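# Report on the structure
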Amino acid sequence: MLPLTSLRADPPSLAAADAAFAQGKFDQARRTYQSLLKTDPALPAPRLGLIQSLLRLDRWQDALRAAQEATQALPASADVHGLLAMTEIRAGQPEAALTDANLALAKDRDCYWGLVAAGRVADWEGREKEAYVLFTRATTLHPERPDGWLGAWQTINDPGITEADLQIAKSYLALAPKGQPFDFNTSYIQNIVTNETGYWHGFDKDPPFHLDEADQKQQSYMAVFPIQRSGKSVLVSVGINGKPFHLLFDTGASNLLLSSNAARRLGLTNLAKTSVSGVQGRAPASLQRADTLTLGSITLHSIPLTVTGSVPEDGDGIFGGSLLRDYAITLDFVDNTMTIARGPGAMHLAMANTTVAATPLHFYNSHLFVSTHAQGRRVWAMLDTGA
């Protein structure tokens, strides 16, 4: 007969929890970290591991509570405050996240989680260059962690891929991270590295969406062009290689996308494979390149096009709102026009003779977010004209 001691389960260990986390078994890791904390609530490592496990499981409300409890148990820990900031970002509380990220960095200027959280807030506030510096500093301190690499990648808003961008992507992919927010991003970045790198290098000497030389020299300019209403949708009239198209204006999208049928009118060649994300998941697509995109009196050159069979029924495709991130935009539903303006005084040009109600807005990860309130709390909601 075996002795009773041999029938007892081994006590939970930090090494076992960390191993489960590294293998992507986040719920198993969570349970083990919690068991360790029941044994000794003052242990810092299980608290940090528990918060990270809950974030990877996207149980952000539980992660927020666990992080708040951790700051009470370990108020001097920079990592705890940094992870609290990370949970606050996930909870849509960027102001609180900035406070806790700064507190973490005040305790330890090399706090990885403080740097990543501060980078997230800087990116949220449109300070991409500052965010990039914070993320890359984090990757220097802990290249084995994926959060800094992903943050650095997401600060890249310009179309195209440089060698530096490619190295960031490869460093991130080499870690093969799992869980939230990595599962979706990993497949997306892998597709770019595998299928799209050569395509984007084709724009190295001819940048996407660049203006005519005459327009580039102008300090300010404006264009007005017609829109159409189709139910709750807004269709903009544009020209692609001189041919007319009607595209759904979608502030929730980031590309210029044509349906397969509409793209046949241009007779362009498929240059690379890609995929697009929609309400029904990801769908296959191809990348093409047009010479010109005309918006009223403005002509843009060297145009990346995504072509897919998965598009809304209205119109010929989608005009992603982030393509106009450098412009002041007015949609006039009385005269059915869109006005875009750029340069000094752009807002005055775009908003002339209008009554304005202002609300805070952020451009983050190629999407627009507006401030609203629900049940007495501020909520940042994505402004999606295509929804």
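The structure we're discussing is the one just above.
We now turn to the structure provided with this report. (Residues numbered from 1 in each chain as written. Predicted model: local features only at pLDDT ≥ 70, side-chain atom pairs only at ≥ 80, totals over all residues. Heavy atoms only, no water.)

## Looking at the pairing of strand 14 (residues 377–382)
- As paired elements, strand 13 (residues 367–374) and strand 14 share six bridges and run antiparallel to each other. Each bridged residue has a counterpart across the sheet, and for Thr 372 the counterpart in strand 14 is Val 379. (Pairing = 2+ DSSP bridges. Helix = DSSP H or I, 4+ residues; strand = E, 2+ residues; numbered from the N terminus.)

## Here's the deal with unusual backbone geometry
- A cis amide bond links Gln 180 to the next residue, Pro 181, at an omega of 0°.
- Position of Pro 181 among the secondary structure elements: in the loop between helix 10 (163–175) and helix 11 (182–201).
- Residues other than glycine seldom take positive phi values, yet Ser 302 does so here, at roughly 65°.
- If you trace the backbone, Ser 302 turns up in strand 8 (residues 298–308).
- You can call Ser 302 buried: its relative accessible area is 3%. (Buried < 20%, exposed > 50% of the residue type's maximum accessible area, 1.4 Å probe, protein only.)

## With respect to the nonpolar core
- Core analysis: the largest hydrophobic core is formed by 61 residues, its most contacted members being Ile 51, Tyr 172 and Ile 189.
- Residue contributions to this core peak at eight residues, all from helix 7 (residues 112–124).
- Discounting chain neighbours no more than four positions away, the residues touching Tyr 172 are Pro 146, Trp 149, Leu 150, Pro 177, Phe 182, Asn 185, Thr 186 and Ile 189.
- Counting 31 residues, the second largest nonpolar core, distinct from the first, contains Leu 247, Ile 298, Ile 303 and Leu 324. (Core = buried A, V, L, I, M, F, W, Y, C linked by side-chain atoms within 4.5 Å. Contact = heavy atoms within 4.5 Å.)

## Side note on the packing of helix 9 (residues 146–154) against helix 10
- Between helix 9 and helix 10, the least distance of the axes is 9 Å, while the angle of their chain directions is 150°. In terms of orientation, helix 9 and helix 10 fall into the roughly antiparallel class. Judged by the twist between their axes, the crossing of helix 9 over helix 10 is left-handed. Between helix 9 and helix 10, the contacting residues are Pro 146, Trp 149, Leu 150, Ala 152 and Trp 153 on the first element and Asp 165, Ile 168, Ala 169, Ser 171, Tyr 172 and Leu 175 on the second.
- Class assignment of the residues belonging to the contact of helix 9 with helix 10 gives a composition of nine nonpolar, one polar and one charged. (Axes fitted to C-alpha atoms, helices over the stretch in contact; angles between N-to-C directions. Parallel < 35°, antiparallel > 145°, perpendicular 65-115°, else oblique. Left-handed = near helix turned anticlockwise from the far one by under 90°. Nonpolar A, V, L, I, M, F, W, Y, C, P; charged D, E, K, R; others polar.)

## With respect to the pairing of strand 13
- Both strand 12 (residues 361–364) and strand 13 contribute to a ladder of four bridges, which runs antiparallel. Bridging from a neighbouring strand, Tyr 364 pairs with His 367 of strand 13.
- What sits between the antiparallel neighbours strand 13 and strand 14 is a turn of two residues, in which Gln 375 has the positive phi angle 50°.

## What to know about the sheet that holds strand 12
- Judged by pairing direction, the sheet is antiparallel, and its three strands sit side by side in the order 12-13-14 without closing on themselves. The strands lining the two open edges of the sheet, one partner per strand, are strand 12 and strand 14. The sheet shows a mean angle of 35° between the axes of neighbouring strands, direction not considered.
- With respect to the sheet, helix 7 is in contact with strand 12, strand 13 and strand 14, its orientation differing from that of strand 12 by roughly 115°.

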